[in-house]
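Residues per chain are reported as follows:
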Amino acid sequence: MSEAALVGGSGDDGATELLGIGPAAREVGVSVRSLRYYEEMALLTPSGRTTGGNRLYAPDDLARVRRIRELQQLLGFNLDEVREVLGHEDRLARVRHDWQAASADEDRLRLLDEAREAYLKLRDQVEAKIKRLDSFRDELDAKIARGDRLRESLPT
């Protein structure tokens, strides 16, 4: 089987292209090893497998890898932190889905509470990261100030 396969999904002709691990890795700018590692870390599950067991990735899988990289690069989260953020985001996606299916006000109130709890946990995680970054910045500022004082104490 080729690295790209057509299977049932969305689109005008009812098909979505699934990419093999090599093309998928190139598409999102990571190594094949990274994709395998993300799967090992329970951050990513390929949408399919070939009959030979090779991983196949759908567009949603690639979007998830891009999100993983964004959380690592933009926010400086390690993979354990990324897993936690993705868990909250997955929970929020389920809440959105359930909200659309809900018709009773009490169900919608419960879903709003659940979403609020997930958003608060995400916010707490971001706040903790900000505090660590602030602390690191303060350490750097102190070292810069110490260096400046030493410079000023030297004869010119």
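Now for a look at the structure at hand. Bear in mind that the values here come from a model prediction, so they are computed numbers and not experimental data.

**Focus: the overall build of the chain**
Of regular secondary structure, the chain possesses 5 helices and 4 strands. Starting at the N terminus and ending at the C terminus, the chain contains elements arranged as β-β-α-α-β-β-α-α-α. For 156 residues, the compact-globule estimate of 2.2 N^0.38 gives 15 Å, and the chain exceeds it by more than 25% at 23 Å. Across its three principal directions, the C-alpha atoms of the chain cover 80 × 50 × 25 Å. Looking at the chain as a whole, 29% of its 156 residues qualify as buried.

**Looking at the side chain of Asp61**
Along the chain, Asp61 turns up in helix α3 (residues 59-73). Buried charge without a partner: Asp61 forms no salt bridge, and the closest opposite charge is Arg64, 7.3 Å away. Polar contacts involving the side chain of Asp61 include one to the side chain of Ser47, which spans 2.7 Å. Non-local contacts of Asp61, meaning those with residues more than four positions away in its chain, are made with Leu44, Thr45, Pro46, Ser47 and Leu56.

**A closer look at the nonpolar core**
The biggest cluster of nonpolar side chains holds 28 residues, and the ones touching the most others in it are Leu35, Tyr38, Leu43, Tyr57, Val65, Ile68 and Val82. At the level of elements, α1 (21-28), α2 (32-40), α3, α4 (79-101) and α5 (105-153) are the ones that each hand at least two residues to this core. With 6 residues, the single largest contributor to this core is α4. For Val82, the residues in contact, after removing those within four places along its chain, are Leu43, Ile68, Leu71, Gln72 and Phe77.

Reading the values: the criteria
- Residues numbered from 1 in each chain as written.
- Predicted model: local features only at pLDDT ≥ 70, side-chain atom pairs only at ≥ 80, totals over all residues.
- Heavy atoms only, no water.
- Helix = DSSP H or I, 4+ residues; strand = E, 2+ residues; numbered from the N terminus.
- Rg over C-alpha atoms; globule rule 2.2 N^0.38 Å.
- Buried < 20%, exposed > 50% of the residue type's maximum accessible area, 1.4 Å probe, protein only.
- Lys, Arg positive; Asp, Glu negative; His and termini not counted.
- Salt bridge = Lys/Arg side-chain N within 4 Å of Asp/Glu carboxyl O.
- Polar contact = N/O pair within 3.5 Å; in protein donor to acceptor, adjacent residues only side chain to side chain.
- Contact = heavy atoms within 4.5 Å.
- Core = buried A, V, L, I, M, F, W, Y, C linked by side-chain atoms within 4.5 Å.

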